[in-house]
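# Fold and contact review
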Amino acid sequence: MGDSFGDRPRGRTAAENAAAEEAVIRDRAAEEIAEEHGKLGLPAAISLIVGNIVGTGVFLLPASLAAYGTVSILAMALVSVGAIALAVVFGRLGARLPAGGGPYAYAKDAFGEFSGFWNAWSFWLTAWIGNAAIAVVWVNYVNYFLRWESPAAQIALALVALWIPALINLSGVRNIGAFAVVTTVLKFIPLLFVAVVGLFFMRGANFGPFVATGGSWIAALSTAGALALFIYSGVESVTIVAERVKDPARNIGRASVYGVLICAAMYMLSTVAIFGTVPHEALANSTAPFADAINGMFGGSVGGGVMAACAIVSGIGAINGWTMLVAEMPMAAARDGLFPSVFASQSRRGVPWFGIVAGTALTSLVVFYNYLGSEGGFDRILLIATFTTVIPYFFSACAQLFWLVTGARRVEGVRLGRDLTVTTVAILFAFWMTYGAGTQAIFVGFLMLLVGIPVYIWTKAKRGEYGPADEVPGRSTMEEEK
C-alpha cells in the first residue's frame, strides 16, 4: 500500500531499493536473535498486559471514585466495556498484521508513513513519561516502610525503581517474561483476596448515595469515568512486541482479550467489595482503601503493610513491562527508517539496548522534574501521558474501521456488523479518554507531538528518500513549466 496524504505513486530509487534490502536483512537478523533468546508464550504475554495495566493507580482508585457516589461503579462498568472493545480490536489487528510496533504498524499500513511515525512518536512519549508517574507512586509506597521524606532520598528511590527493570530488560526476553509472570502473580494474590473475600463482608449501608456530588448523575458519571479511564492504559502492550510472541497471529488476540478481561473482573469486583466494606465517608477520605478494607474485615492494622508491599511489587512489575515497550516501539519504526537508526540496534541478548537506556534516562529526567519542579507536577505528568496514549488507540481503531469499510476486508454479514460495532465502541472510548485528560494536558501533549515532525523530516531525509533531482515528485513538471 502506498503512502496516503498526498504522496504520489512512483518507482523506487536505487537508494530506496538498498534501504529495502537492508531492512529485510535487519528483520531476518532480528528474527534469528529472537529465536535464539526465546519468545513470550501466552501466559507471559497475558502477564505483560496485566502487569502494564495494573500498576499503582488501582490502589487509590476506589477512594477517588467514592467521592462521586455509587454511580462510579456504573462508570467503571462502562469504561471496562470500552477497554474490552479496544482489546478485541487490537486482537483483530494483531491477527491480520502480526508486526512489531503494534499501533505504529497498523497506522502505517492503513494511512501511510507519517501516521505510522506519529503513532510511534506518541507512544514513545507515553512510555517514558508514564514510567515516571509509576515510579513516583512506587516511592510513596516504599516510604510506608522507610519514611525517607527528603527530595534527594525520594529521587534516589525512584531511580532504583527505574534502573533495576532497565537492567532486567537488558538481560534478555526470557528474564523480562519471567519477571512479568512473577510480579503479576504476587500483585494479584492480595488484590484478588480483597475482591472475592470482601464480597462476604459487604453491608448495604456502606455504599452511600448514588450521587455524592450534589449535581446531576450524568456529570458525576462522566467525571468518574474519566478517572477510571486512566487505569486501562497498557491494553496495547502485547501488540507492540508481536515479533517476540510465539504464534503472534493467534496469541496476540487471545492475550489482549484475556488480559483485559482479567483486569476488568478484578477492577469491578474489588471496587464493589471495597464500597461495601468501608463506610462511604471513610472511603472518600482514605489514602489506602485496600488496606482499610482488610483492616475492616479482620481488624488490626496489618492491612496497610500487606497492601503497601503489594503496591511495591505491582509498581516494579509495571515499570519492567513499560521499559520493554519504550524500546520496542521505536525499534520497529527505526527498522522502517522512520526513527533514528540507533534505536534498531540490538545487543547480543537480542534486546534493543539503546532504546532501553535512552528511555530510562529520559524518565529519570521527568522524575527530577517531579520532585524539584513546581507543585502539581505529578498530576501534569499523568494527564499528559494519558493524552499521548490516546493517539495510538484512536488511530488503531480507525485502522480497523478503514479495513472493514474497504474491499480489503475478509468478513461479511453478521461478522461485519459485529466487528463494526466493536470498532465504533473502541473509537468512542478513545474520544472519552481524550476528554478525560483535560485541556491543559491536550495542549502540552500536542506540542510534544509537533516536536516529532522535525525528527520525521530528518530521518526521511537521511534515508535518501529521493534520488536525482529529476526523480523528486513535482520537480520535472515545475522545470518544464519554467
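My aim in this report is to walk through the structure given alongside it, one point at a time. This structure is a prediction, so every number in the text was calculated from the model and none was measured. (Residues numbered from 1 in each chain as written. Predicted model: local features only at pLDDT ≥ 70, side-chain atom pairs only at ≥ 80, totals over all residues. Heavy atoms only, no water.)

## Topic: the overall build of the protein chain
Counting its secondary structure elements, the protein chain contains 19 helices and 0 strands. Relative to its 482 residues, the protein chain shows a buried fraction of 54%. Excluding contacts between residues fewer than 6 apart, the proportion of contacts in the protein chain whose partners are at least 24 apart in sequence is 83%. With an accessible surface of roughly 20000 Å², the protein chain has 66% of that area assigned to carbon and sulfur atoms. (Helix = DSSP H or I, 4+ residues; strand = E, 2+ residues; numbered from the N terminus. Buried < 20%, exposed > 50% of the residue type's maximum accessible area, 1.4 Å probe, protein only. Contact = heavy atoms within 4.5 Å. Areas by Shrake-Rupley, 256 points an atom, 1.4 Å probe, with all protein chains shown as cover.)

## Focus: the side chain of glutamate 328
Positionally, glutamate 328 belongs in helix 14 (residues 302-335). The exposure class assigned to glutamate 328 is buried, which follows from its relative accessible area of 4%. Setting aside residues up to four positions removed in sequence, glutamate 328 forms contacts with Ile240, Val241, Glu243, Arg244 and Pro352.

## Considerations on unusual backbone geometry
We note that arginine 147 has phi near 60°; this positive angle belongs to a residue other than glycine. Note on arginine 147: relative accessible area 55%, which makes it exposed. One non-glycine residue, aspartate 247, adopts positive backbone phi at about 45°. Relative to the helices and strands, aspartate 247 resides in the loop between helix 10 (237-240) and helix 11 (248-277).

## Side note on helix 9 (residues 217-229)
Between the first and last C-alpha of helix 9 there are 18 Å, a value that for 13 residues agrees with the 18 Å anticipated at 1.5 Å per step. If you check which residues of helix 9 are buried, you get Ala220, Leu221, Ala224, Gly225, Ala226, Ala228 and Leu229. (Expected span 1.5 Å × (residues − 1).)

## Overview of the packing of aromatic side chains
Two descriptors summarise a pair of aromatic rings, namely the distance from one centre to the other and the angle between the planes of the rings. Under the counting rule described, the total for this entry stands at 24 aromatic pairs. Between the aromatic rings of phenylalanine 117 and tyrosine 456, the centroid separation amounts to 5.3 Å while the plane-to-plane angle is 45°, which identifies the pairing as tilted. Within this pair, whereas phenylalanine 117 is found in helix 6 (residues 113-146), its partner tyrosine 456 is found in helix 18 (residues 439-462), the two being separated by 339 residues in sequence. As far as the burial class goes, phenylalanine 117 and tyrosine 456 line up, both buried. Put simply, the rings of Phe114, Phe117, Trp118, Trp121, Trp124, Trp128, Phe339, Phe343, Trp353, Phe354, Phe446 and Tyr456 touch in pairs and so form one group of aromatic residues. The ring of tyrosine 144 is capped by arginine 147, whose NZ or CZ atom sits 5.6 Å from the centre of that ring. (Phe/Tyr/Trp six-rings, centres within 6.5 Å; stacked < 30°, edge-to-face > 60°. Lys NZ or Arg CZ within 6 Å of the ring centre and 35° of its normal.)

## Focus: the nonpolar core
Residues Ile53, Val54, Phe59, Tyr232, Tyr267 and Phe339 are the most contacted members of the largest nonpolar core, which totals 136 residues. Here the element with the most residues in this core is helix 6; it accounts for 20 residues. Setting aside its immediate chain neighbours within four residues, phenylalanine 339 contacts Phe117, Ala120, Trp121, Trp124, Pro330, Ala333, Ala334 and Thr459. (Core = buried A, V, L, I, M, F, W, Y, C linked by side-chain atoms within 4.5 Å.)

## Some words on the packing of helix 7 (residues 151-170) against helix 14
One can describe the packing of helix 7 onto helix 14 by two numbers: an axis separation of 9 Å at closest approach and a directional angle of 55°. With respect to helix 14, the axis of helix 7 lies oblique. Considering only the axes of helix 7 and helix 14, their crossing is right-handed. Residues Ala161, Leu162, Pro165, Ala166, Ile168 and Asn169 of helix 7 pack against Ile316, Ile319, Asn320, Thr323 and Met324 of helix 14. Of the residues assigned to the contact of helix 7 with helix 14, the class counts are 8 nonpolar, 3 polar and no charged. (Axes fitted to C-alpha atoms, helices over the stretch in contact; angles between N-to-C directions. Parallel < 35°, antiparallel > 145°, perpendicular 65-115°, else oblique. Left-handed = near helix turned anticlockwise from the far one by under 90°. Nonpolar A, V, L, I, M, F, W, Y, C, P; charged D, E, K, R; others polar.)

## Considerations on the packing of helix 4 (residues 71-96) against helix 11
Interhelical geometry of helix 4 versus helix 11 gives an angle of 175° and a closest axis separation of 7 Å. Between helix 4 and helix 11, the angle is such that the two are roughly antiparallel. Grouping the amino acids of the contact of helix 4 with helix 11 by side-chain chemistry returns 20 nonpolar, 7 polar and no charged.

## Remarks on the environment of alanine 461
Within the secondary structure, alanine 461 is located in helix 18. The spatial distance from the C-alpha of alanine 461 to the C-alpha of glycine 337 is 9.8 Å, given a sequence separation of 124 residues.

What is shown is where atoms sit, not what they do.
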